[in-house]
Amino acid sequence: MADPTVAPAQPPLIEGRGLTRIYPMGDSEVAALRGIDFRIELGENVAIIGPSGSGKSTLLHILGLLDRPTTGQYLFAGVDTDTLDDDRLALLRNRAIGFIFQSFNLVSGESALENVAAPLVYAGVKRKERVERAQEALARVGLTDRAHHDPSQLSGGQRQRVAIARALVTRPAVILADEPTGNLDSRSSADVFTLLQELQSEGLTLVTITHDQRIADRAARVLRVEDGMLVDPAAPGVTYLDGGGRPHDPTTAPVTPPSGAVVAHPESGLAALGFDSGDVS
Amino acid sequence: MTYLEALRLALRRLRTNLLRTALTTLGVIIGVASLVALIGVGEGTQAAITSQIAGLGTNLLSVNAGAATVGGLRGAAGSASTLTIADAGAIGQLDGVEAVAPEMSVSNVVVVNGRSNTTTSMTGTTPAEAKVRNYQVQTGTFLTDLDVEKGLRVAVLGPTTVTSLNTTPTAIIGQTVTISGIPFTVIGVTQPKGGSGFTNPDDAVFAPITAVQSRFTGASSLRTIGVSLTDPDQLAYVESEITALLRYRHQLATSASDDFSMVSQDQLLSVASTTTATIRNFLIGIAAIALVVGGIGIANTMLVSVRERVREIGTRKAIGARRRDISRQFLVEAVIVTLGGAVVGVLIGVAITGPVGATVGVPATPTLFGITLAFCSALLVGVLAGWWPARQASRLDPVEALRHE
């Protein structure tokens, strides 16, 4: 642990060192991840691509603290997550991470507003403030008028926007999106895609698993997973464009986070959790 | 997540699944309602029997023919014919004895009044019976010394007997009824004491002991002698006096055991309350089984519910729910269902206690004890029924849960 009297350099938001994930399958073992090293800085826009079964979902689960690597080290905001118990991981997921799923995963029987406010319940936020913040988040995704609808009364695109609002409501440091447009028609995909890009440009860190070429194209950086390992994404014939549509080499060092990224989220997980004071580990 | 939040969540969930909630709750409703009703009936039975025994006479000591065996059980009453009218007269001379009523019983007599008849038992006795057994007449008079002296064929009927003859106490006074074919004139009807079953004091015929002896039994042996005491505290003393007297009169050797037995009202009361407590506990046991079955229904529904909501559980974990948040959600849901059932069950139980008691002939009212017990057991059942499903839910692996179809 660093000497707390010396302000350390800002650690990367996410850092994986030699991550492996091995599942027992009967007598044998299956390695979903076979040694992955990477860093994601605050405010980055990263796409994770790769064929089915390549291990990218496993990687996202580990990034999202839903799963632990079999070996290797996963640091979140500089903290070795291996030292955190399940409740601490839940707390981090709650405060610092927003999830967006391919199939939305809204709870039916609860209104859009209640779905959006759900993470705040686990954060211990009072009801009145929960409603206000959930309404703000719904306004941000343009669904103020759908607040009291059941998810079953909403279109796919609207559902995914509710899910995005739910991911935003805790003002997380990073949004992890697993095929966010995979279940949507092209028009809704475009809406969701645009929304995610806007949020990222406002300072959110965005990590997206995708097959959607446009998302991969717009990502500042692309991590390509194949057979449980990261491979050079700059395969011949593929040109990646940066946020301004200019050709961009995704293998270069990560782009600098937009200035004000942290300022835009003064209550984002890290500060609120006091992770810089070193009291967690 | 606080319990209040878990409560809100549970209520929303239960509202969206109203039919299932109602069906699940039904088991608990039935269990709780039967607990409340059966405890009410049990306590009603106990109170009725106790007051019935108290109504049989105060300071009463019954001397029965036949020996008491070890353990307090005695042979069939009258299985030995050792008590005589003379014995009764001698007991009446003892210190501390207020009144003595010799009782000569004839069972299964048929009383006929016009076209109506009823089967009951007849007691041949003396006017002291009213004092000893605590009878009052509502119309007419009880037996008189003259009736006994002359062996008149007169009878005093119990109110239930009168009702069985399809007539009224006032109408039957002065009428002649036949008792097993022998005509008797009705001179009085006793006040109802309340009671039912095999020893209903209101279903009775009293006639002069002399008349019964000459017309029915032909012998002078008594089944019982009712003795009332001047002072209940002298019970033990009077018992020993009577024992000594009867042993002397019956010329029993020192080694021989008594050929009679005595039961005091206190003993009867304690035996009866033990019996009725057993009945009550038996009823509670039956109702408890119903409640347990209801609890199993809830546990089953909760397990199904957990299985149906695996993705929801995964999602909740992803957005920050800890294990205890998830388990609390399901536990509170089970307890809410159970308590909701308990409330409805108590209301139904309170409503049906009276009618259920009426069908078995007992004045039953719902008791606070029954309601409290039913509520607490329901709460316990809810916690137990919810515990395992809640634990299952909270221990789901989030990755597996999110993948679940």
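Residues numbered from 1 in each chain as written. Chains lettered and ligands numbered in written order. Predicted model: local features only at pLDDT ≥ 70, side-chain atom pairs only at ≥ 80, totals over all residues. Heavy atoms only, no water.

Turning our eyes to something else, we now look at empty space enclosed by the protein. All names here are of chain B. What the rule picks out here adds up to four cavities of 30 Å³ or more. Reported here for the largest cavity is a volume of approximately 130 Å³. As for the largest cavity, its lining consists of 13 residues, and the residues nearest its centre are L14, R20, T301, S305 and E333. Among the secondary structure elements, those contributing two or more residues to the lining of the largest cavity are α1 (3-16), α2 (18-55), α10 (265-308) and α12 (323-359). A total of four residues in the lining of the largest cavity trace back to one element, the largest contributor, which is α10. (1 Å grid on protein atoms, 1.4 Å probe; cavity = no way out; pocket = protein on both sides within 12 Å on 5 of 7 lines; lining within 4 Å. Points joined across faces, edges and corners; volume = space filled by probe spheres on them. Helix = DSSP H or I, 4+ residues; strand = E, 2+ residues; numbered from the N terminus.)

The next point concerns the side chain of T118 of chain B. Position of T118 of chain B among the secondary structure elements: in strand β4 (residues 116-125). When neighbours within four sequence positions are excluded, T118 of chain B is seen to be in contact with V109, V110, V111, T161, S164 and L165 of chain B. (Contact = heavy atoms within 4.5 Å.)

Contact residues are listed per partner, giving 25 residues for chain A and 26 residues for chain B. A buried area of about 2300 Å², summed over both sides, lies between chain A and chain B, and 52% of it is on carbon and sulfur atoms. Considering only the side of chain A, the residues that lose the most area to chain B are L66, D87 and Y122 of chain A, jointly responsible for 28% of the buried surface there. Where chain A touches chain B, the interface holds five salt bridges. In this structure, R12 of chain B and E110 of chain A form a salt bridge, with 3.1 Å as the shortest nitrogen-oxygen distance. (Buried area = accessible area lost by both parts, 1.4 Å probe. Salt bridge = Lys/Arg side-chain N within 4 Å of Asp/Glu carboxyl O.)

Across soluble globular proteins, nonpolar side chains have a tendency to be buried as a group. Residues and elements named next belong to chain B. Counting residues in hydrophobic clusters, the biggest one holds 42 residues, and the most contacted among them are V63, I91, I179, I225, V227 and I242. Sorting elements by how many residues they give to this core places strand β3 (residues 97-113) first, with six residues. Membership of the second largest hydrophobic core comes to 40 residues, among which are L35, L283, A364 and A390. (Core = buried A, V, L, I, M, F, W, Y, C linked by side-chain atoms within 4.5 Å. Buried < 20%, exposed > 50% of the residue type's maximum accessible area, 1.4 Å probe, protein only.)

Here the focus is the sheet that holds strand β1 (residues 14-25) of chain A. Residue and element names in this part refer to chain A. In space, the four strands of this open sheet follow the order β2-β1-β4-β5, with antiparallel pairing throughout. Looking at which strands have only one partner, the edges of the open sheet turn out to be β2 (28-40) and β5 (79-80). Relative to strand β4 (residues 71-76), β1 runs antiparallel, the two sharing five bridges. Residue I14 lies in a different strand from β4, and its bridge partner there is F76. Sitting on the sheet, helix α1 (residues 56-63) touches β1, β2 and β4, and the angle it makes with β2 is about 60°. (Pairing = 2+ DSSP bridges. Axes fitted to C-alpha atoms, helices over the stretch in contact; angles between N-to-C directions.)

All names here are of chain B. Pairing of β3 with strand β11 (residues 224-229), which is carried by six bridges, proceeds in the antiparallel orientation. Each bridged residue has a counterpart across the sheet, and for V97 the counterpart in β11 is L229. The loop that links β3 with its antiparallel partner β4 comprises two residues; one of these, G114, has a positive phi angle of about 65°. Looking at chain direction, β3 and strand β7 (residues 176-179) are connected through two bridges and run antiparallel. Looking at β7, one finds that V111 is bridged to I179.

A word on the confidence of the model for chain B. Residue and element names in this part refer to chain B. On average, residues of chain B carry a pLDDT of 86, and 94% of them reach 70 or more. Considering only residues more than four positions removed or in separate chains, one finds that residues 68-80, a stretch of pLDDT under 50, has 14 contacts. In the model output, the complex is listed with pTM 0.70 alongside ipTM 0.82. (pLDDT = per-residue confidence, 0-100.)

Residues and elements named next belong to chain B. Closest axis-to-axis distance for the α1/α12 pair is 8 Å, and the angle between their directions is 60°. Of the two elements, α1 crosses α12, and the hand of that crossing is right-handed. From α1, Y3, A6, L7, L9, A10, L11, R13 and L14 reach across to α12, where they touch R328, Q329, V332, E333, I336 and V337. For the contact of α1 with α12, the residue count by class is 10 nonpolar, one polar and three charged. (Left-handed = near helix turned anticlockwise from the far one by under 90°. Nonpolar A, V, L, I, M, F, W, Y, C, P; charged D, E, K, R; others polar.)

Residue and element names in this part refer to chain B. With 37 residues, α12 extends 51 Å from end C-alpha to end C-alpha; this agrees with the ideal 54 Å at 1.5 Å per step. Along α12, the sharpest kink reaches roughly 40°, centred on I352 and followed within four residues by the proline P355. G361 sits one or two positions beyond α12 and adopts a positive phi of about 75°. (Expected span 1.5 Å × (residues − 1). Bend = angle between axes of the 7 residues up to and from the residue.)

Bringing the confidence of the model for chain A into the picture now. Residue and element names in this part refer to chain A. Scored by pLDDT, chain A has a mean of 82; 79% of the residues are at 70 or more. By mean pLDDT, the top-scoring element of chain A is helix α3 (residues 112-122) (95), and the lowest-scoring one is strand β11 (residues 240-241) (44). In this model residues 235-248 is a low-confidence stretch, pLDDT under 50, and it forms 20 contacts with partners more than four residues away in sequence or in other chains. Below a pLDDT of 50 lies the segment residues 271-281, which in the model reaches 17 contacts outside its immediate sequence neighbourhood of four places, other chains included.

Here we take up the environment of I91 of chain B. All names here are of chain B. Residue placement: I91 occurs in helix α3 (residues 85-91). Classification of I91 as buried rests on a relative accessible area of 0%. A C-alpha to C-alpha distance of 9.9 Å links I91 and A101, two positions 10 residues apart in sequence. Those residues in contact with I91 that lie beyond four places of it in its chain are V97, V100, I225, V227, I242, L245 and L246.

Here we come to the pattern of salt bridges. The full count for this structure, using the stated rule, is 31 salt bridges over all chains. With its nearest N and O atoms 2.7 Å apart, the salt bridge here joins R140 of chain A to E202 of chain A. One end of the pair, R140 of chain A, is in helix α4 (residues 127-140); the other, E202 of chain A, is in the loop between α6 (186-201) and β8 (205-209), and 62 residues separate them in sequence. Judged by relative accessible area, which is 27%, R140 of chain A ranks as partly exposed. Between D145 of chain A and R146 of chain A there is a salt bridge, with the nearest N and O atoms lying 3.1 Å from each other. Using a relative accessible area of 54% as the deciding quantity, one classes D145 of chain A as exposed. We classify R146 of chain A as partly exposed; its relative accessible area is 25%. Bridged by salt links that share partners, the residues E110 and E114 of chain A together with R12, R13, R309, E312, R316 and E333 of chain B form one connected network.

Attention now goes to the pairing of strand β3 (residues 45-49) of chain A. Among the five residues of β3 of chain A, five are classified as buried, and the element is accordingly described as predominantly covered. Of the two faces of β3 of chain A, the one holding N45, A47 and I49 of chain A and the one holding V46 and I48 of chain A are both buried throughout.

Let us now look at a nonpolar patch on the surface. Residues and elements named next belong to chain B. A cluster of nonpolar residues, V343, V344, L347, I348, I352 and F375, forms a patch on the protein surface that exposes about 450 Å² of accessible area. It is α12 that contributes the most residues to the nonpolar patch, five residues altogether. Within the fold, I348 resides in helix α12. Looking at I348, the relative accessible area reads 36%, which means it is partly exposed. (Patch = residues over 30% accessible without salt bridge, like charges linked within 9 Å, V, L, I, M, F, W, Y side chains within 5 Å. Areas by Shrake-Rupley, 256 points an atom, 1.4 Å probe, with all protein chains shown as cover.)

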